[in-house]
2 protein chains.
Amino acid sequence: MNKNQMSRLQQSCLEKGPLCVGLDTDTSYLPPEVLKQFDSPCDAVLAYNTALIDACEPYAACFKVQIAYYEAMGLKGLEVYSKTLKLLHQKNIPVISDVKRGDIADTAAAYARAHFSGDFETDIITVNPYMGFDTLVPFTNFCHAKNTEQAQKTGVSEKGMFVLLRTSNPGMTDIEKQPLAQGGIVLDHVGKELLRLADTFAKEYPQEGSYPCSPIGAVVGCTEESDARTLRDAYPNIFFLIPGYGAQGGAARIAATLLDKAGGTVNSSRGILTAWKKAESLKDKRESNKLTLQDIVESAAAAAKAAKEDLLKAKSSL
Amino acid sequence: MNKNQMSRLQQSCLEKGPLCVGLDTDTSYLPPEVLKQFDSPCDAVLAYNTALIDACEPYAACFKVQIAYYEAMGLKGLEVYSKTLKLLHQKNIPVISDVKRGDIADTAAAYARAHFSGDFETDIITVNPYMGFDTLVPFTNFCHAKNTEQAQKTGVSEKGMFVLLRTSNPGMTDIEKQPLAQGGIVLDHVGKELLRLADTFAKEYPQEGSYPCSPIGAVVGCTEESDARTLRDAYPNIFFLIPGYGAQGGAARIAATLLDKAGGTVNSSRGILTAWKKAESLKDKRESNKLTLQDIVESAAAAAKAAKEDLLKAKSSL
């Protein structure tokens, strides 16, 4: 049996519901009165992440860390990124690093080492397939049995990855949905490669259950119902990372369609991280600039709980 | 007149020839006897980069730093990356950061801040357009006049970017060259957007000269003569970043085709960084494990000089 990180995440979703809490922690997501309590914005982000992980853990199958926000804070930001990953590993919570890397040959191999070992070691990454399917190989190599330090802690050695399939931005029509001369659209062509990889892994590591999943998942945004139905049916054994829910406008009903069959994990970042900006109970504190870290963490946890319930309800009413 | 970083690079190529020296400095590119003279592999890479920049500068229009190799060394690796960029800025040498980032909305904006300001501030980056043309906007925003610290040093405030168009790996046939139902191939569709952006910038910042270039260039590999001719003719005002020469097998003749019209810069990384592995003059030292940093830097500089001459000769014999 293949105990890859994707199966581990699938299992976590069965146990804890489909919510993925996105730690896209931009400093603008913290009120000034909280920021100024720390020596630096980086210290504030680390404190917020630490408290968020504790408070949201009961409602989250996994966390997703978006590296762009940490990269934007420079070297110290990437230190916070590394510490956040280590915190999640220590707590044995599945973690997705949203890095969307993609490059060729030796360079792709360097990115695979960067994110599947060392300071930035994670469980699952997101990958951009644009330059061609040969560029996925150095990453899929880590989805076979590997003996890493993180493997010893979690008991799961094989890494996982989500390949960009149908993203949640308006511009996804530009390339991903371009009709091809051979029929279908560009993303169908990427999907075919994901099915081929799923077959390869299924043969190498036979699994039980009705929808055992490939270590190679797909990013599928929940912004259009018809796409959701089509893609869920086309890729029954592919586990999905589902952005676009909440702040990006995607409805729980569309997400629920994508949660069918092998299932998936539904990301919410801003809707949770910035819940304090809308919370009725914090109105007075907000207006008098008296918010505390505790306040904003509590409203984030309440938003995570509500998101989990919203998704489970939509799923059960399908 | 628009003094963007792409025009600055184009000017540097006119003055110093088309060679771009790629600092894809993997630790395996250093012999063990040199590595062990340093406290850590990161220290060795920084020393190698520092000496390489000095030795290769006479032959290089610019340097390209491939972030993947530094990311693979973790936090300390990214410190070396940042220091390497600062060194190049201090010497007023144009620098391309090969980061191939790409993401949507606020996340793309975070990547743009990450690489156009702060610890990792560079002159020009590479960008992956797969998720759609809306994802380019946060990056192109920095190609308009901006007042950054680096701008004050170089006198050039507007950043530049190279969008992936036709890469040099075999897998580029998978998506980039897929025939579209509307005619043409996927990369033609990306190219149309580059032409649209070039028009926008040309109107906003009129320039003189026969081939004034857009701040938005394109990555075009020099691995196929017919593609080189077609792409050079289709995009006369787009400046090219040209990988695939040297170690990747691309010939100077194909590169020369791409250097026509607005021109471009031809990257060589491994062919220069690992020239010591083949240098006849170093045979004895290599076999007795007595290579010094000075030896490998001198052979790199000789390889850079030879590459520059090879490219200029091919260009003049077109």
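**Things to note about the confidence of the model for chain A**
- Scored by pLDDT, chain A comes out at a mean of 94, with 95% of its residues at no less than 70.
- Here the predicted complex scores 0.96 on pTM and 0.96 on ipTM.

**Some remarks on empty space enclosed by the protein**
- Per the counting criterion, the structure on display carries one cavity of 30 Å³ or more.
- Counted as a void, the largest cavity has a volume near 30 Å³.
- As for the largest cavity, its lining consists of I67, E71, L78, R101 and F120 of chain A together with I67, E71, L78 and R101 of chain B.
- Going through the elements one at a time, α4 (67-71) of chain A together with α4 (67-71) of chain B are the ones with two or more residues in the lining of the largest cavity.

**Re the interface of chain A and chain B**
- Facing the 59 residues of chain A at the interface are 59 residues of chain B.
- Of the roughly 4,700 Å² buried at the junction of chain A and chain B (both faces included), carbon and sulfur atoms supply 57%.
- For the chain A face of the interface with chain B, the top three residues by lost area are L75, Y130 and M131 of chain A, together amounting to 16%.
- Our enumeration of links across chain A and chain B arrives at eight salt bridges.
- A salt bridge links R270 of chain B to D106 of chain A; the nearest nitrogen and oxygen atoms lie 3.7 Å apart.
- Here chain A and chain B share 33 residue pairs in polar contact (both at pLDDT 80 or more) between them.
- Secondary structure elements with two or more residues in the side of chain A that touches chain B: α4, α5 (74-90), β3 (95-101), α6 (105-116), β5 (160-166) and α9 (186-204) of chain A.
- Per element, the largest residue contribution to the side of chain A that touches chain B is seven residues, and it comes from α6 of chain A.
- Tallied by class, residues from the side of chain A that touches chain B come to 27 nonpolar, 17 polar and 15 charged.

**As for the pattern of salt bridges**
- Counting across every chain of the model gives 46 salt bridges over all chains.
- Between R229 of chain A and D233 of chain A there is a salt bridge; the shortest N-O distance is 3.2 Å. You can see R229 of chain A and its partner D233 of chain A sitting in helix α10 (residues 225-234), four residues apart, about one turn around the helix.
- The exposure class assigned to R229 of chain A is partly exposed, which follows from its relative accessible area of 30%.
- The closest approach of N and O atoms between R166 of chain B and E224 of chain B, which form a salt bridge, is 3.2 Å. With R166 of chain B in strand β5 (residues 160-166) and E224 of chain B in the loop between β6 (216-220) and α10 (225-234), the pair connects residues that are 58 residues apart, well separated along the chain.

**Section: the pairing of strand β2 (residues 62-66) of chain B**
All names here are of chain B.
- Taken across its five residues, β2 has five buried, putting it largely inside the fold.
- Residue alternation in β2 divides its side chains into two sets, C62, K64 and Q66 and F63 and V65, and both sets are buried.
- Two elements, strand β1 (residues 19-23) and β2, share four bridges in a ladder whose sense is parallel. Its bridge partner being in β2, L23 is matched across the sheet by V65.
- Sheet topology note: the β2/strand β3 (residues 95-101) ladder contains four bridges and is parallel. Within the sheet, the bridge partner assigned to Q66 lies in β3 and is D98.

**Observations concerning the side chain of S82 of chain A**
- Looking at the secondary structure, you find S82 of chain A in helix α5.
- Overall, the relative accessible area of 4% leaves S82 of chain A in the buried class.
- When sequence neighbours within four positions are dropped, the list of residues in contact with S82 of chain A reads D119 and F120 of chain A together with L75 of chain B.

**A look at the sheet that holds β5 of chain B**
All names here are of chain B.
- With parallel pairing, eight strands are arranged side by side around a closed barrel as β1-β2-β3-β4-β5-β6-β7-β8. Each strand axis lies, on average, 30 degrees off the axis of its neighbour in the sheet, ignoring direction.
- Bridge analysis of strand β7 (residues 240-242) against strand β8 (residues 264-268) gives three bridges, and the strand direction is parallel. The partner of L241 across the bridge, within β8, is T265.

**Side note on unusual backbone geometry**
Residue and element names in this part refer to chain A.
- Phi at N92 is positive, roughly 60 degrees, even though this residue is not glycine.
- The topology assignment puts N92 in the loop between α5 and β3.
- According to the relative accessible area criterion, N92 is partly exposed, its value standing at 44%.

**Quick word on the relation of the copies chain A and chain B**
- Superposition of chain A onto chain B requires a rotation of 180 degrees combined with a translation of 0.0 Å along the rotation axis, giving an RMSD of 0.0 Å. Both copies of the chain, as the preceding transformation shows, are related through a two-fold rotation axis.
- Most of the interface of chain A is mirrored in chain B, where 100% of its interface residues are also at the interface.

**Some thoughts on the packing of α5 of chain A against helix α5 (residues 74-90) of chain B**
- Closest axis-to-axis distance for the α5 of chain A/α5 of chain B pair is 10 Å, and the angle between their directions is 165 degrees. Accordingly, the angle class assigned to the pair α5 of chain A and α5 of chain B is roughly antiparallel. In this structure, α5 of chain A crosses over α5 of chain B, and the sense of that crossing is right-handed. On the side of α5 of chain A, the interface is formed by L75, L78, E79 and S82 of chain A, while α5 of chain B contributes L75, L78, E79 and S82 of chain B.
- Tallied by class, the residues present in the contact of α5 of chain A with α5 of chain B amount to four nonpolar, two polar and two charged.

Cut-off values and rules
Residues numbered from 1 in each chain as written. Chains lettered and ligands numbered in written order. Predicted model: local features only at pLDDT ≥ 70, side-chain atom pairs only at ≥ 80, totals over all residues. Heavy atoms only, no water. pLDDT = per-residue confidence, 0-100. 1 Å grid on protein atoms, 1.4 Å probe; cavity = no way out; pocket = protein on both sides within 12 Å on 5 of 7 lines; lining within 4 Å. Points joined across faces, edges and corners; volume = space filled by probe spheres on them. Helix = DSSP H or I, 4+ residues; strand = E, 2+ residues; numbered from the N terminus. Contact = heavy atoms within 4.5 Å. Buried area = accessible area lost by both parts, 1.4 Å probe. Salt bridge = Lys/Arg side-chain N within 4 Å of Asp/Glu carboxyl O. Polar contact = N/O pair within 3.5 Å; in protein donor to acceptor, adjacent residues only side chain to side chain. Nonpolar A, V, L, I, M, F, W, Y, C, P; charged D, E, K, R; others polar. Buried < 20%, exposed > 50% of the residue type's maximum accessible area, 1.4 Å probe, protein only. Pairing = 2+ DSSP bridges. Axes fitted to C-alpha atoms, helices over the stretch in contact; angles between N-to-C directions. Least-squares fit on C-alpha atoms with pLDDT ≥ 70 in both. Parallel < 35°, antiparallel > 145°, perpendicular 65-115°, else oblique. Left-handed = near helix turned anticlockwise from the far one by under 90°.

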